[in-house]
Amino acid sequence: MVLIKDKEFVPYISAHVLKKRIEELASEISNDFSEGPAVLIGVLNGAFMFLSDLTKNIKVPVEVTFIKVASYMGTKSSGEVKSLIGLDLDIEGKSVIIVEDIVDTGLSMKFLLELVKERKPKKIAVASLLLKPDALVHDINIDYVGFEIPNRFVVGYGLDYDGLGRNLPALYQLK
Ligand code: IMP
C-alpha cells in the first residue's frame, strides 16, 4: 500500500508485467512503421516513462518530440483541455505516433488529434499505455493499447495524483 497525500493506493500492475506488454507494443509498432522514420510525440507529463521504455524497444528509426496538455485536477477530469507546450517539430508529410499514458474520457486525445492533424502529417497513430473504456465519451480510435482498465484512478509509472506518485515503477490503484 502507498499513501499519497490523503489517499491510499494498492498495487495494480507490476513493473514486470508493464515491461513485457510494452515490449509487445514496441514490436507491433516496429512492424507497422518499417517503411520509414516515424515521429513519436510524447504527451507530457504522464507519458514520460512509457515513452522512454517504448522508444528503447522500437527497432526502426524514430524521432522523439513532446507536447503538453492538461485536463485533470486532482482525481477528476476538469472537462476542458489546455495546451501548455506546443509541437516544435515540423511533422508535415511524416508518420506520427501520439504516445499517451492514459485515455480516460478521451477529451485530451480528441484535442491532441485535432491539433496534430492541423500540421498535416502523412499518417497518425495513437499509443496509450492505459485505456478506461467505461469512461470514454469521445469517439476516438486508439491503435495501440497496453491495458484496458476499469474506471478507477491509478498512479505510478509516470501517472500522478496531484503531482505525486510519478516515480513509482509500477501502477497502483485507488483503494
Ligand atoms: P481524458 O482527457 O479524460 O482522456 O484524460 C486524460 C488525462 O487525464 C491523462 O493524460 C492523464 O493525465 C489524466 N488521467 C486520467 N485518468 C487518470 C488516472 O487514473 N490517473 C492519473 N491521471 C489520469
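The structure under discussion appears in the preceding block.
Residues numbered from 1 in each chain as written. Predicted model: local features only at pLDDT ≥ 70, side-chain atom pairs only at ≥ 80, totals over all residues. Heavy atoms only, no water.

(A) Region of the structure containing the overall build of the protein. Regarding its fold elements, the protein presents three helices and ten strands. Going from N to C terminus, the protein has its helices and strands arranged as β-β-α-β-α-β-β-β-α-β-β-β-β. On C-alpha atoms alone, the protein measures out to a radius of gyration of 16 Å, which is about the 16 Å that the 2.2 N^0.38 rule sets for 175 residues. Judged by the C-alpha coordinates and their principal axes, the protein covers about 45 × 35 × 25 Å. (Helix = DSSP H or I, 4+ residues; strand = E, 2+ residues; numbered from the N terminus. Rg over C-alpha atoms; globule rule 2.2 N^0.38 Å.)

(B) Spotlight on the packing of aromatic side chains. Scanning the model with the defined rule gives three aromatic pairs in all. For the pair F9 and F153, a centre-to-centre distance of 6.4 Å together with 50 degrees between the ring planes defines the contact as tilted. Within this pair, whereas F9 is found in strand β2 (residues 7-13), its partner F153 is found in the loop between β8 (144-148) and β9 (154-155), the two being separated by 144 residues in sequence. Note on F9 and Y161: the rings are 6.1 Å apart at their centroids and 50 degrees apart in plane angle, and the pair reads as tilted. In this pair, F9 sits in strand β2 while Y161 sits in the loop between β9 and β10 (171-174), placing the two residues 152 residues apart along the sequence. Given the relative accessible area of 0%, F9 is considered buried. Looking at Y161, the relative accessible area reads 6%, which means it is buried. Here a set of aromatic residues connected by ring pairs shows up, and it is made of F9, F153 and Y161. Taking NZ or CZ as reference, K123 lies 4.2 Å from the ring centre of F33, over its face. (Phe/Tyr/Trp six-rings, centres within 6.5 Å; stacked < 30°, edge-to-face > 60°. Buried < 20%, exposed > 50% of the residue type's maximum accessible area, 1.4 Å probe, protein only. Lys NZ or Arg CZ within 6 Å of the ring centre and 35° of its normal.)

(C) Expanded view of the site of the ligand. Among the 18 residues in the neighbourhood of the ligand, the closest are listed as T105, G106, S108, K132 and V154. In the model, an oxygen atom of the ligand is placed 2.5 Å from a nitrogen or oxygen of the T105 side chain. Taking G106, its main chain carries an N or O atom lying 2.8 Å from an oxygen atom of the ligand. In isolation the ligand has 490 Å² of accessible area, and contact with the protein removes 92% of it. Counting residues per element, the ones that place at least two in the shell around the ligand are β4 (62-73), β6 (95-103) and α3 (107-117). Ranked by residues supplied to the shell around the ligand, first place goes to β6 with four residues. (Near = heavy atom within 4 Å. Polar contact = N/O pair within 3.5 Å; in protein donor to acceptor, adjacent residues only side chain to side chain. Areas by Shrake-Rupley, 256 points an atom, 1.4 Å probe, with all protein chains shown as cover.)

(D) Main features of the sheet that holds β9. Read from one edge to the other, the open sheet built from four strands follows the order β1-β2-β10-β9, with strand pairing classed as antiparallel. Every interior strand has two partners, whereas the edge strands, β1 (2-4) and β9, have only one. Relative to β10, β2 is paired through four bridges, and the arrangement is antiparallel. Bridge assignment links P11 to a residue of β10, and that residue is Y172. (Pairing = 2+ DSSP bridges.)

(E) Highlighting the packing of helix α1 (residues 15-32) against helix α2 (residues 48-57). At a minimum axis separation of 8 Å, α1 and α2 run at an interaxial angle of 55 degrees. Taken together, α1 and α2 sit at an angle that is classed as oblique. When the axes of α1 and α2 are compared, the crossing they make is right-handed. Across the interface between the two elements, I22, E23, L25, A26, I29 and S30 of α1 pack against F50, D53, L54 and N57 of α2. Looking at the contact of α1 with α2, its residues break down into six nonpolar, two polar and two charged. (Axes fitted to C-alpha atoms, helices over the stretch in contact; angles between N-to-C directions. Parallel < 35°, antiparallel > 145°, perpendicular 65-115°, else oblique. Left-handed = near helix turned anticlockwise from the far one by under 90°. Contact = heavy atoms within 4.5 Å. Nonpolar A, V, L, I, M, F, W, Y, C, P; charged D, E, K, R; others polar.)

(F) Spotlight on α2. Those residues of α2 not exposed but buried are F50, L51 and L54. End-on view of α2: buried residues confined to an arc of 95 degrees, all on one side of the axis. (Arc of directions from axis to C-beta.)

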